[in-house]
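Spelled out from the first residue to the last, the chains are:
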Amino acid sequence: MSQPHDISTTPQWAALEEHAAATSGTTLRELFAADPERGGRLAVEVGDLYVDYSKNGVTDETLRLLTDLARAAGVPERVEAMFRGEHINTTEDRAVLHTALRAPRGTELVVDGQDVVADVHDVLDRMAAFSGQVRSGQWRGHTGRRITRVVNIGIGGSDLGPKMATVALAPYADPAITSAFVSNVDGDDIAPVLAAADPEETLFVVASKTFTTIETITNATTAREWLVAALGDRSAVAKHFVAVSTNAEQVAEFGIDTANMFGFWDWVGGRYSMTSAVGLSLMIAIGPGHYRDMLAGFHAMDTHFRTAPLERNLPALLALIGVWHRNFRGCATHAVLPYSEYLSRFPAYLQQLDMESNGKSVTLDGAPVSVQTGPVVWGEPGTNGQHAFYQLIHQGTQTVPADLIGFVHPADDVPGHHDQLTANLLAQAEALAFGKTAEEVRAEGTAEELVAHKTFAGNSPTTLVLAPRLTPAVLGQLVALYEHKVFVQGVVWGINSFDQWGVELGKVLAKAIGPELGADEEPELTHDSSTNALIRRYRQARRG
Ligand SMILES: O=P(O)(O)OC[C@H]1O[C@](O)(CO)[C@@H](O)[C@@H]1O
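Cut-offs used in this document
- Residues numbered from 1 in each chain as written.
- Predicted model: local features only at pLDDT ≥ 70, side-chain atom pairs only at ≥ 80, totals over all residues.
- Heavy atoms only, no water.
- Buried < 20%, exposed > 50% of the residue type's maximum accessible area, 1.4 Å probe, protein only.
- Helix = DSSP H or I, 4+ residues; strand = E, 2+ residues; numbered from the N terminus.
- Arc of directions from axis to C-beta.
- Contact = heavy atoms within 4.5 Å.
- Phe/Tyr/Trp six-rings, centres within 6.5 Å; stacked < 30°, edge-to-face > 60°.
- Lys NZ or Arg CZ within 6 Å of the ring centre and 35° of its normal.
- Salt bridge = Lys/Arg side-chain N within 4 Å of Asp/Glu carboxyl O.
- Pairing = 2+ DSSP bridges.
- Axes fitted to C-alpha atoms, helices over the stretch in contact; angles between N-to-C directions.
- Domains from an automatic or database assignment.
- Polar contact = N/O pair within 3.5 Å; in protein donor to acceptor, adjacent residues only side chain to side chain.
- Nonpolar A, V, L, I, M, F, W, Y, C, P; charged D, E, K, R; others polar.
- Near = heavy atom within 4 Å.
- Areas by Shrake-Rupley, 256 points an atom, 1.4 Å probe, with all protein chains shown as cover.
- 1 Å grid on protein atoms, 1.4 Å probe; cavity = no way out; pocket = protein on both sides within 12 Å on 5 of 7 lines; lining within 4 Å.
- Sits in = over half its atoms within 2 Å of the grid points.

## Quick notes on helix α8 (residues 187–195)
Line of reasoning, step 1. Looking at α8, one finds that the buried residues are I190, V193 and L194. Looking straight down α8, one finds its buried side chains confined to an arc of 95 degrees; they lie on one side. Exposed side of α8, more than 90 degrees from the buried face: D188 and A195 are the residues found there.
Line of reasoning, step 2. Its buried side turned inward, α8 meets β5 (149–153), β6 (178–182), β7 (202–207) and α9 (214–231).

## Description of the environment of F241
Line of reasoning, step 1. Its location among the elements puts F241 in strand β8 (residues 241–245).
Line of reasoning, step 2. In this structure, the C-alpha to C-alpha distance between F241 and A21, residues 220 residues apart in sequence, is 59 Å.
Line of reasoning, step 3. Those residues in contact with F241, other than ones at most four positions away along the chain, are L203, F204, V206, A220, A223, R224, L227, F254, I256 and N260.

## A word on the packing of aromatic side chains
Line of reasoning, step 1. Enumeration according to the criterion identifies 17 aromatic pairs in this entry.
Line of reasoning, step 2. The interplanar angle of 80 degrees and the centroid separation of 4.8 Å between the aromatic rings of F130 and W139 together place this pair among those described as edge-to-face.
Line of reasoning, step 3. A connected cluster of aromatic rings, assembled from ring pairs, spans F204, F211, W226, F241 and F254.
Line of reasoning, step 4. Its guanidinium or amino end placed over the ring of F262, R126 lies 4.6 Å from that ring's centre, counting from NZ or CZ.
Line of reasoning, step 5. In this structure, R224 is placed above the aromatic ring of F254, and the distance from its NZ or CZ to the ring centre is 4.4 Å.

## Some thoughts on the pattern of salt bridges
Line of reasoning, step 1. Counted according to the given criterion, the structure contains 26 salt bridges.
Line of reasoning, step 2. A salt bridge links D68 to R64, with the shortest nitrogen-to-oxygen separation between them at 3.2 Å. Of this pair, D68 and R64 are both found in helix α4 (residues 60–73), 4 residues apart, which corresponds to roughly one turn of the helix.
Line of reasoning, step 3. Residue D68 is classed as partly exposed on the basis of its relative accessible area of 28%.

## Some remarks on the sheet that holds β7
Line of reasoning, step 1. Spatially, the 5 strands line up as an open sheet ordered β6-β5-β7-β8-β9, and their pairing is parallel. Both edges of this open sheet fall to β6 and β9 (261–263), since each of them pairs with a single strand only. Averaged over all adjacent pairs, the angle separating strand axes in this sheet is 20 degrees, with direction ignored.
Line of reasoning, step 2. As paired elements, β5 and β7 share 5 bridges and run parallel to each other. Opposite V151, over in β7, you have F204 as the bridge partner.
Line of reasoning, step 3. Contacting β5, β6 and β7, α8 runs over the sheet at an angle of about 155 degrees to β6.

## A closer look at the domain arrangement of the protein chain
Line of reasoning, step 1. According to the domain assignment, the protein chain consists of domain 1 (31–73 + 308–493), domain 2 (101–288) and domain 3 (501–543).
Line of reasoning, step 2. Relative placement of domain 1 and domain 2: their C-alpha centres are 34 Å apart.
Line of reasoning, step 3. There are 2 salt bridges connecting domain 1 and domain 2.
Line of reasoning, step 4. Taken together, the links from domain 1 to domain 2 amount to 6 residue pairs in polar contact (both at pLDDT 80 or more).
Line of reasoning, step 5. Residue assignment for the side of domain 1 that touches domain 2 shows that the elements contributing at least two residues are α14 (346–358) and α19 (472–493).
Line of reasoning, step 6. When the residues that make up the side of domain 1 that touches domain 2 are grouped by side-chain class, the tally is 13 nonpolar, 5 polar and 4 charged.

## What to know about the site of the ligand
Line of reasoning, step 1. Every one of the 14 residues lining the ligand counts as a neighbour, but G157, S158, S208, T210 and T213 are closest to it.
Line of reasoning, step 2. Expressed as a share of its isolated accessible area of 390 Å², the protein-covered part of the ligand is 88%.
Line of reasoning, step 3. Spatially, the ligand is embedded in the largest pocket.
Line of reasoning, step 4. Residue composition of the shell around the ligand, by class: 2 nonpolar, 9 polar and 3 charged.

Here it is in structure tokens:
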């Protein structure tokens, strides 16, 4: 797996820098005027997704240079290495095989001597059987009542994926079983969930890859004590708690029977785990059939990613356009703006996927990177964002590339709504790209002193994703698209997108500070003067 250590020293990078300088003044108006076919030509259709990337300031030459760069970075080889199960997560010496989680039954993939696809389907079958029991009422709570509420306790990748997808696919959910998610160690997260739950009818799914994550264990312990207190019997745990984890030992130590544990493997990264057993609460909500449709959507995008040439490879194209914005146009952030209320958690999900993966500043071999890596990813559903932060995108001082995601058919076709929503989606992309010149503003009879204020520079890049409707399969395609986009960018930047050492320091310090906050005696504080003062102030105020 040869890879240049420093992508910025390659001739391909230099060629892009030169090209960026030569085209820096070119506007989207000019690009569209020069090529009347541009809007239909710079678009790609993969599965159910039609993706128009024509409103990014790229030309055929830009895309050619970017695909050259991807080849120089070894993208095709790295993609193959990932799918084959090589240990491309070198700092943790692990394979990266979330794609195996959605490989069809019977696909052969032996990794480290183990047929991983067979293992995946064993767990999927167990999940399906269990979900079926819960949904049909065959699985009963300790007192014999049906389960009507499923509470997923997890954080990060053990929360964001299932939560995002449960919200996204709510129209496919069984209304007889409601879902809740608890992630924050803040007691204000779990307290209202417990207050609203009937212990006799509640099932807790404790999802944690490691089963050592302090937030999750704290919340799970609180839930367990609540349940035992309410039902007056410790053995009630067996019917009200299941676990999703790679760590059977810790699951057993917590008091959950490992017969009620759904496993996964160290080759599934937390933020890439929503199609592992981490999806159990989602499967209970939408049912095994819809869940498998979602997996098929993931798999369709995986296959496209593995087989399509870079020039027509959707995840690679979006990744490379992102590299163009980040490294050659200096854009520090990337907005994701779904025009669907059901995708309200999608930006939050992508924040972890992208920022935990590509928020890195050393290359695979530990050298400092010489180029900017992952952007800040953020967003909210439209049209709400339009009435909040779009002002900055339209007229602020920085360029914010954005992905706009829309659907031809809504889940709830309330008369008078959907065409308006879509009109806004299309109008925003148009306004951001082409703006409004001072001459156009003047031509409307605007007073001269207001002309500058009412002018829109345009040239704000957007990629528009349009799908027929937000089905489980479409959601799978969308998520896999972003997973692979993030990976390609990581390969170009020469970083490891699959570790997350940057989350460790804060965890360690919190472990030290926790006992200092709770100690009866004034602790001897050895932090910096700011942290010491804050601890003292908190202790004083808390103790009254
Ligand atoms: O599933 P676990 O092991 O509880 O981890 C939860 C999350 O914590 C992290 O390790 C970050 O602290 C994420 O990568 C992960 O998704």
